Amino acid sequence: MSARPLPKRLRRFWTSKRLRDRLLALSLGAFASAYLFGVCSRTAGSSYLACLVAFVPWLLTLERAERRRDALFAGLVMSVFFVALVFPWFPETAASYAGTSPSLVWPLFLLLAPVLEPQFVVFALVRLAVRRADRPYPAFRAAFAAAAAYVGVELVFPKLFFDTIGLGLHPSASLRQGAEIVGAHGLSFVLLLVNEGLALSIVRLARAPKARGLAHPALPAALVSLAVLAGVGYGQARRAVLAEANARPAISVGVVQANITNYDKLRAEKGAFETVRTILDTHFELSDAIRNRKSLDLLVWPETVYPTTFGAPKSEAGAAFDEEIGAYVAKTGVPLVFGSYESEGNDEYNAAFFLTNEANGKVERASYRKRMLFPFTEWVPPMLDSPSLRSMMPWAGHWKRGPGPEVVRVGSSGHDEVTALPLICYDVLFPGFVAEAAEKGADLIVTLSNDSWFPDGRAPRLHLVSAAFRSIETRLPQVRATNSGISAIISADGEILARTRFDEEETLAAEVPRGARIVTPMITFGHLRAPALLALAALLLGHAWWFRAGRRNPRASRPERRTERRRPRATGPAAAP
């Protein structure tokens, strides 16, 4: 029995050396760039330098993309390598959470890579389409169109971690300051243009000593280098201004990281009552240790540290625990922020509670309900929620989304009033959400988080860096409390003033400068970034399509009609028939 012949396209692939070489080059370029992205994502030391060149290998191989299918292949391969080398911790984390094997999660993770990181596919397709138009300066037009499409898609597409390559610039104290103008995603736009300039110079130096349209092939690299130096100068100037911007008294803050995790295991071993008893006793003890070292204006505990509803107890023991927390605030006189759950009717919310001791001895309570819930763990979209879905994902939560961004005034007897912008865990990843809250006016950001479900410190470090960029974008200092790390004190310029180690019991006590309440461009115009960038990409892409259509149909081409109208008429004897 003869073997079935291969499909025509597959036979063409195996017999076309030129095509195989092109796809191999695209794959190698994507892998090299993904490796540099992995270095950039470490966000430590000089790792930010990798961000300045990370796209270059991929851009150089994209020069070999001749058709849309080549660009599509390049984008798909880039997304796969990117998630594999930048987020290798995610399959292990998801497997642990779902109670399955990482070997089962990895294939699904790689298969979903184009959905998790769709900007690479969009970038490659838009770049090719604009470059093929053959208008003046096609590389310049394509660079802006592709970069705008890349960042625009990142901003509007619901990415799981709302990650962007601009986060990698955090170790550079100067370059990261540009985030107050364009945000972390805007820095990604600039990084793309920097990489495009370097790649263009490399291509032109390789092809000819003098490239068409430019006096010297190295000019693009020189221009983007000047742009980077300008960013450094701007950052240094802004840091100097911020250092002198606020003369108001600092806020003395204490943070407790008790490193008590896996509450379900504790309940199984000790029972519900003893579990809560252990949690509260540990936090009271660590809080007293901070107070013995330093007089505090604010004490902060992590997200869901109190693992039951507060203010609406479900048992007599729960009511006693509620009173005990209130009594601690009344005894110490220090305002307390902690994570728990809040119920309203049949609905339950992940909430941050603010307790303050007033002059009359009464403990006042305010709360913030988490808005941005992690999909399919804390929250299931109503249109997808069903018994069959929950039977497949028994870990899916039932919490409701909070009403939106808020600020909370915290002031108690003997302490100055502090206006806090509360965020809970996933909230901090969304710059538009934080900017909307910052418009209401605040002295600092207070972030409560639970990062104990991560296997090591890589994901908590990414979470911390994302939080630091929210401080830069709003120019508000930040207090970040987590149950197992990384807790931190962050200044308004994104500097991490103090931090804890991951998976350790530690406390922090620091003087936090009050925010100067500067209205940054990100607060005012940040919501316009996505529509503006997508409009720019659409304009350049549409113009390229219009020009190509005009070349295919010369009679409909306006430039040619204008040329005919401007042609001088012949006169004299030569005009005679």
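Everything numeric here is computed off the predicted structure, so don't read it as measured data. (Residues numbered from 1 in each chain as written. Predicted model: local features only at pLDDT ≥ 70, side-chain atom pairs only at ≥ 80, totals over all residues. Heavy atoms only, no water.)

Engineer: I tried to follow the packing of helix α11 (residues 179-207) against helix α18 (residues 458-474) on my own but got confused; where do I start?
Structural biologist: Helix packing for two helices is described by the angle between their axes and how far apart those axes are. At a minimum axis distance of 8 Å, the contact between α11 and α18 shows a crossing angle of 150°. The angle between α11 and α18 places the two elements in the roughly antiparallel class. Residues Ala179, Glu180, Gly183, Ala184 and Leu187 of α11 touch α18, and the partners they reach there are Phe469, Arg470, Ile472 and Glu473. Residue composition of the contact of α11 with α18, grouped by class: five nonpolar, one polar and three charged. (Axes fitted to C-alpha atoms, helices over the stretch in contact; angles between N-to-C directions. Helix = DSSP H or I, 4+ residues; strand = E, 2+ residues; numbered from the N terminus. Parallel < 35°, antiparallel > 145°, perpendicular 65-115°, else oblique. Contact = heavy atoms within 4.5 Å. Nonpolar A, V, L, I, M, F, W, Y, C, P; charged D, E, K, R; others polar.)

Engineer: In this structure, what is going on with the state of the cysteines? I would like to understand it.
Structural biologist: Think of a disulfide as a covalent bridge from one cysteine sulfur atom to another cysteine sulfur atom. Counted by the stated rule, this structure contains one disulfide. The partner cysteine of Cys40 in its disulfide is Cys51, sulfur to sulfur 1.7 Å. Judged by the torsion about the S-S bond (65°), the Cys40/Cys51 disulfide is right-handed. With a gap of 11 residues between them, Cys40 in helix α2 (residues 17-40) and Cys51 in helix α3 (residues 48-51) connect regions that are remote in the sequence. (Disulfide = S-S within 2.5 Å.)

Engineer: Looking at this structure, how should I read the sheet that holds strand β8 (residues 444-449)?
Structural biologist: Strand order in the open sheet formed by six strands is β6-β7-β8-β9-β10-β11, with mixed pairing between adjacent strands. If you trace the sheet from one side to the other, it starts and ends with β6 (408-410) and β11 (496-499), each paired once. Direction aside, neighbouring strands of the sheet carry axes that sit 25° apart on average. The pairing of β6 with strand β7 (residues 418-424) spans three bridges and is classified as antiparallel. From the neighbouring strand, Val410 faces β7, where its bridge partner is Val418. Docked against the sheet, helix α17 (residues 431-438) engages β7 and β8, running at close to 160° with respect to β7. (Pairing = 2+ DSSP bridges.)

Engineer: I tried to follow the nonpolar core on my own but got confused; where do I start?
Structural biologist: By size, the foremost hydrophobic cluster in this structure holds 122 residues, and its most contacted members are Phe37, Phe55, Trp58, Val300 and Leu421. Tallying contributions element by element places helix α10 (residues 138-156) first for this core, with 10 residues. With residues near it in sequence (within four places) discarded, Val300 still touches Val253, Gly254, Val255, Val256, Val337, Val446, Leu448, Val479 and Ala481. (Core = buried A, V, L, I, M, F, W, Y, C linked by side-chain atoms within 4.5 Å. Buried < 20%, exposed > 50% of the residue type's maximum accessible area, 1.4 Å probe, protein only.)

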